[in-house]
Amino acid sequence: MNAATSAEPSVDWRDDIFDVLQAHDIRQVCHVPDAGHARLIEHCQRSNAMRTIALTTEEEGIAIAAGAWLGGQRAVLLMQSSGVGNTINLLGLAKTLRFPFLTLITMRGDWGEFNSWQYPMGQGTPKVLEAMGVLLYSVDNAAEVRATVDAATRAAFNGGQAVAVLLRQKLIGIKDFGNKKA
Amino acid sequence: MSGATLQRRPLVKQILVGADDNLLVIAGLGSSNWDVTEAGDRTLNMPLWGGMGAPVGMGLGLALAQPAKRVLVITGDGDMLMSLGSLATVAAQQPDNLAIMVLDNEKFGETGNQATHTSPRNNGPTDSGAGTDLALIAKGCGIADAATVREASDVPQLLRHLRTKPGPVFRVVKVMVEKLEFVMPPQDGAHLKDRFRQALLGHP
Ligand SMILES: Cc1ncc(C[n+]2csc(CCOP(=O)(O)OP(=O)(O)O)c2C)c(N)n1
């Protein structure tokens, strides 16, 4: 657990997340890619201890995480906020089966978003998760990412909860295609 | 009508005969759950009462976590149609210990026998079927070992393939539309999960 408790923030918060996932023995990393998760996904792909699983839709990640837990392994689901909408019914499995579930969500439609299409699900994300009984952790400051993901992981796998960490857009940075509207 | 002659209950019983600690079974909601339970309520079954579209993903996560065990997913065509993408995800991971059997009655049986997309196209209402070929979809997704079984004479081979052939193995079995008795396992999901883990891992 040294990686998870070290006080020194490392260079990149995505590397902090990788360290925490590794320290907590996360073995299956399910994802529908998001630019905000790209560096973390690459890290996980290079890890010998982790298996990365690209999904066709985010709800597969919930089913896989449930199956992994049945088989004695820990999984995590990496997705962007728009993906949360694809998971809703299967999120119910976390409550019904009461299995530990961890998801790390890169937020869009949140802080200075330029793409109007991201707002509805981005703004709906916390409400949907809450409605489904998922605990919310939120982080917008790079220095707090390590401690937040560590606490969320403990709540999930030690406390038996369904937990989401919202990686706020303020943390990730505003995506901008640099285009000017006419 | 598909003209199917296989009956799902005796078929599932035959597939699961002699199931030991090496066989982990996920059953999809509805008829598949009752079929698997009729064959015997085992702790190493995970029969679903909801979570439509989840069985294949669940089987995949389980197969990856338990590479030394055989994982068998048994589910309906309606359930499979809700998670076709998961077949591509399985193909990408190539778990050699995973087998999937779809009991294809060409109906959403549990909800009143409405035609699913696997029903043949005919001149009836526009939602009377599309002739969707699930085995072809699985192949197209990258699961090379995918086939459809219709004949009783093919069942012994089906059993061997599902239980022992290196996977991923995908089989569609065309079965009759029948009205069958509900044979129900415990309903509490947390209990089903805990007893499964207890039997498999020695702790809940
Ligand atoms: C998300 C969701 N949509 C709809 C339903 C209602 N429902 C329950 S069972 C079922 C049909 C299942 O059909 P199939 O998998 O073919 O099973 P079978 O014909 O063997 O009963 C449906 C649509 C549901 N439980 N969940």
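Residues numbered from 1 in each chain as written. Chains lettered and ligands numbered in written order. Predicted model: local features only at pLDDT ≥ 70, side-chain atom pairs only at ≥ 80, totals over all residues. Heavy atoms only, no water.

J.: Got a sec to walk through the site of the ligand? Specific residues and values, please.
T.: Within the structure, the ligand sits among 16 residues, and Ser 31, Gly 78, Asp 79, Lys 107 and Gly 109 of chain B are positioned closest to it. Residues lining the ligand come from chains A and B. In the model, an oxygen atom of the ligand is placed 2.7 Å from a nitrogen or oxygen of the Gly 109 of chain B main chain. Of all elements in the fold, only helix H4 (77–81) and strand E5 (107–108) of chain B reach the threshold of two or more residues within the shell around the ligand. For the shell around the ligand, the element with the most residues is H4 of chain B, which contributes three residues. (Near = heavy atom within 4 Å. Polar contact = N/O pair within 3.5 Å; in protein donor to acceptor, adjacent residues only side chain to side chain. Helix = DSSP H or I, 4+ residues; strand = E, 2+ residues; numbered from the N terminus.)

J.: Break down the pairing of strand E3 (residues 70–76) of chain B for me, with residues and values.
T.: All names here are of chain B. For E3, the buried fraction is high: seven of the seven residues fall into the buried class. Because side chains alternate across E3, one face comprises the buried residues Arg 70, Leu 72, Ile 74 and Gly 76, and the other comprises Val 71, Val 73 and Thr 75, equally buried. The sheet contact formed by strand E1 (residues 23–27) and E3 spans five bridges and is parallel. Pairing of Leu 23 across the sheet is with Arg 70, part of E3. Across six bridges, the pairing between E3 and strand E4 (residues 98–104) is parallel. Note on E4: the bridge partner recorded for Gly 76 is Leu 103. (Buried < 20%, exposed > 50% of the residue type's maximum accessible area, 1.4 Å probe, protein only. Pairing = 2+ DSSP bridges.)

J.: Now, about helix H2 (residues 13–23) of chain A: what can you tell me, with residues and values included?
T.: Residues and elements named next belong to chain A. Most of H2 is tucked away, with eight of its 11 residues classed as buried. Buried residues of H2: Trp 13, Arg 14, Asp 15, Asp 16, Ile 17, Phe 18, Val 20 and Leu 21, and no others. Where H2 begins, one side-chain oxygen reaches toward the backbone nitrogen of Arg 14, 2.7 Å away; that side chain belongs to Asp 12. Following H2 by one or two positions, Asp 25 adopts a phi angle in the positive range, close to 60°.

J.: So what's going on with a nonpolar patch on the surface? Residues and values would help.
T.: Together, Trp 49, Phe 182 and Met 184 of chain B line one region of the surface with nonpolar side chains, adding up to about 300 Å² of accessible area. Structurally, Trp 49 of chain B can be placed in the loop between strand E2 (45–47) and helix H3 (55–65). (Patch = residues over 30% accessible without salt bridge, like charges linked within 9 Å, V, L, I, M, F, W, Y side chains within 5 Å. Areas by Shrake-Rupley, 256 points an atom, 1.4 Å probe, with all protein chains shown as cover. Salt bridge = Lys/Arg side-chain N within 4 Å of Asp/Glu carboxyl O.)

J.: I'd love a proper account of the sheet that holds E2 of chain B, names of residues and values included.
T.: Strand pairing in a sheet relies on backbone hydrogen bonds, with the paired strands running either antiparallel or parallel. All names here are of chain B. Overall, parallel pairing links the six strands, which are arranged E2-E1-E3-E4-E8-E7 in an open sheet. Edge strands, defined here as strands with exactly one partner in the open sheet, are E2 and strand E7 (145–149). Averaged over all neighbouring strand pairs, the angle between strand axes comes to 15°, with direction disregarded. Sitting on the sheet, helix H8 (residues 189–201) is in contact with E1 and E2, with an inclination near 165° to E2. (Axes fitted to C-alpha atoms, helices over the stretch in contact; angles between N-to-C directions. Contact = heavy atoms within 4.5 Å.)

J.: For unusual backbone geometry, give the residues involved together with the corresponding values.
T.: Here the amide bond leading from Gly 167 of chain B into Pro 168 of chain B is cis, since omega sits at 0°, within 30 degrees of zero. Relative to the assigned elements, Pro 168 of chain B resides in the loop between helix H7 (155–164) and strand E8 (169–174). The backbone phi angle of Asp 25 of chain A is positive, close to 60°, even though this residue is not glycine. Structurally, Asp 25 of chain A is set in the loop between H2 and strand E1 (26–31). On the accessibility criterion, Asp 25 of chain A (44% relative accessible area) is partly exposed. Positive phi outside glycine occurs at Asn 113 of chain B, with the angle close to 60°. In this fold, Asn 113 of chain B is placed in the loop between E5 and strand E6 (114–115).

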